[in-house]
Structure formats: structure tokens, C-alpha cells
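The primary structure of each chain is shown beneath.
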Amino acid sequence: MSSKKEKEFEEMTKDVFLCKKCVLCKKRKAPVIGYGSLKAKIMFIGEAPGAKEDVTGIPFCGRSGKFLDELLKLNKIDREKVYICNIIKCRPPENRDPGEKEIKACSRFIEKQIEIISPNVICPLGRHSMKFVMERFGLVNDIDVIGKIHGKVFKGKEIIIPFYHPAVALYNPKMKDVLKKDFKILKKYAD
Ligand code: URA
Ligand code: SF4
């Protein structure tokens, strides 16, 4: 990682802390930028911070994060070596879905993160992130419901592999197994 990129990352971080581009800035406690290595080959993009993330500033540190950690561990993938972030940096009240306007207002930050980290593999978690990432990477024609394209590999300059959001598995053991099966594909991209 060149110091130029580190500097750009620091600047982006400052911009996020100051950002008032959408209504979510009003109630957030801390923005949640990302976690992991700026040299990561695999980038996970979730949706938006939840209650625990809003307090700690760390993505996926609550219950769905625990399951994400389990999925990584099962495939011997180190959380420190990948990069985990969200399309939206501030928590939507009552954990409602992020709105189109908010996703658009926040997109410059995820764009910058993708540019700086430049991962080989991008894994959107959940349908909002899947839509955003596939549109961004010229895969509009491949967009389908997450139930159909989860775990599939889309190859362009970057490899895109959408997954169900880990939260869907919290109350549904069947979905846990689907996610566990889907995540196995990441083993070959991890080294
Ligand atoms: N769900 C997400 O999409 N992101 C988080 O950081 C936590 C829960
Ligand atoms: Fe800014 Fe994104 Fe937070 Fe909205 S969600 S205030 S656009 S950082």
C-alpha cells in the first residue's frame, strides 16, 4: 500500500465523519467505515450499520457479524486479511432498509474504498448491496433475485460473488447451511 493510498484513505475517513449528505447523519452515533486490511484481496460489502455497529464504529460486530466470523473461520479466512464494510456508513433508524437516495448520497465513499483497496473479489452481502455492486460493475443484465444468484461467480475485471446477508440465517438454520455451503467458494480466492 503506497503512502498516497493511505493518505487518501485517511482523507476519506475524515470526510465520512464530517458528512451530512443524507438524513442518516442526524441520528448516527458513529459512522462505520470499514474493518480489515487495505491490501485485502476479498472485500465484503454489507448494507448498513446496526445498533451495535453504530456504537462501536466497527462493521459486523453484532449478531450477524458473529455468524460472518464463523463463515470466515470455517474457510480459514482471517478477518484481518479481508476487508469488511457497508454501502451505507450511518445507521438507518430502527434498522430500516437503506433508501435509494441514501445509497446514492453515500456511494462516493464505497467507490473510494473500492478504488483504494482494489480487491480481486467483491462479495456483496444481501440484496441492496448485490444490486449496487452489480450495477457498478456492468452486470445489470445478470441482476436477479438474491435467491437465484447467491453463491454464483460473475467474472469481469473483478470477480463478484453475491451472498445472502448473514442476518437471514439468525433465525433460520436452513439459511445457515446455504450460507455455509456458498462461502466454501471463497477458499480458493483467499490466498
Ligand atoms: N448488517 C450489515 O449489513 N452491516 C453491518 O455492519 C452490520 C449488520
Ligand atoms: Fe453521509 Fe453516508 Fe452517513 Fe449519509 S450515510 S450522512 S451519505 S456518510
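Residues numbered from 1 in each chain as written. Chains lettered and ligands numbered in written order. Predicted model: local features only at pLDDT ≥ 70, side-chain atom pairs only at ≥ 80, totals over all residues. Heavy atoms only, no water.

## Overview of the site of ligand 2
For clarity, the threshold we go by: Being near a molecule or strand, for a residue, means having at least one of its heavy atoms within 4 Å of it. Computed over the protein atoms alone on a 1 Å grid, cavities are sets of points where a 1.4 Å probe fits but cannot get out and pockets are open sets with protein on both sides within 12 Å along at least five of seven lines; a residue lines them when it has an atom within 4 Å of a point. Whether a molecule sits in a cavity or pocket is decided by its atoms, more than half of which must lie within 2 Å of the grid points. Residues are sorted three ways: Asp, Glu, Lys and Arg are charged, Ala, Val, Leu, Ile, Met, Phe, Trp, Tyr, Cys and Pro are nonpolar, and all the rest, Gly among them, are polar.
Taken together, Cys 19, Lys 21, Cys 22, Cys 25, Arg 28, Ile 88, Lys 89, Cys 90, Ala 105, Cys 106 and Phe 109 make up the full set of residues adjacent to ligand 2. Its atoms largely coinciding with the cavity grid, ligand 2 occupies the largest cavity. Of the residues belonging to the shell around ligand 2, the class tally is eight nonpolar, no polar and three charged.

## Regarding the site of ligand 1
We count it as follows: Under the rule applied, a polar contact is a pair of N or O atoms within 3.5 Å (in protein, one hydrogen donor and one hydrogen acceptor; residues adjacent in sequence only if both atoms are side-chain atoms). Only the protein chains shown count as covering a residue, and every accessible area follows the Shrake-Rupley method with a 1.4 Å probe.
Around ligand 1, the neighbouring residues are Gly 46, Glu 47, Ala 48, Glu 53, Pro 59, Phe 60, Ser 64, Asn 86 and His 165. Within the contact set of ligand 1, a nitrogen atom lies 2.8 Å away from a side-chain nitrogen or oxygen of Asn 86. Summarising the interface, the protein chains cover 93% of the accessible area of ligand 1, which totals 240 Å² for the free molecule. In this structure, ligand 1 is accommodated by the largest pocket. Looking at the shell around ligand 1, its residues break down into three nonpolar, four polar and two charged.

## Remarks on the packing of helix 1 (residues 3–18) against helix 4 (residues 100–117)
Stated precisely, the cut-off is as follows: The axes used here are C-alpha line fits, helices contributing only the stretch in contact, and every angle between their N-to-C directions lies in the interval 0 to 180 degrees. Numbered from the N terminus, helices here are DSSP runs of H or I no shorter than four residues, and strands are runs of E no shorter than two. Roughly parallel refers to an angle under 35 degrees, roughly antiparallel to one over 145, roughly perpendicular to one between 65 and 115, and oblique to any angle outside these ranges. Less than a right angle of anticlockwise turn of the near helix away from the far helix marks a crossing as left-handed, whereas a clockwise turn marks it as right-handed. Contacts: residue pairs with any heavy atoms within 4.5 Å of one another.
At a closest axis distance of 10 Å, the pairing of helix 1 and helix 4 adopts a crossing angle of 165°. Relative to helix 4, the element helix 1 is oriented roughly antiparallel. Between helix 1 and helix 4 the crossing geometry is left-handed. Seen from helix 1, the contacting residues are Lys 5, Glu 8, Phe 9, Met 12, Asp 15 and Val 16; seen from helix 4, they are Phe 109, Lys 112, Gln 113, Glu 115 and Ile 116. Partitioned by chemical class, the residues of the contact of helix 1 with helix 4 number five nonpolar, one polar and five charged.

## As for the packing of aromatic side chains
The geometry of two aromatic rings is summed up by the distance between their centres and the angle between their planes. For clarity, the cut-off: Classification of ring pairs uses Phe, Tyr and Trp, with its six-membered ring standing for Trp, and accepts pairs whose centres are within 6.5 Å; under 30 degrees between planes counts as stacked, over 60 as edge-to-face, and the remaining range as tilted. The cut-offs for exposure are 20% and 50% of the maximum accessible area for each residue type, with area from a 1.4 Å probe on protein chains only; residues under the lower value are buried, those over the upper are exposed, and the others partly exposed.
Under the counting rule described, the total for this entry stands at three aromatic pairs. Measuring from centroid to centroid gives 5.8 Å for Phe 44 and Phe 183, while their planes differ by 0°, and the two rings are stacked. Here Phe 44, found in strand 2 (residues 42–46), pairs with Phe 183, found in helix 7 (residues 173–183); they are 139 residues apart in sequence, far enough to count as distant. Neither residue differs from the other here; Phe 44 and Phe 183 are each classed as buried. Ring centres 4.4 Å apart and planes at 35° place the aromatic pair Phe 163 and Phe 183 in the tilted group.

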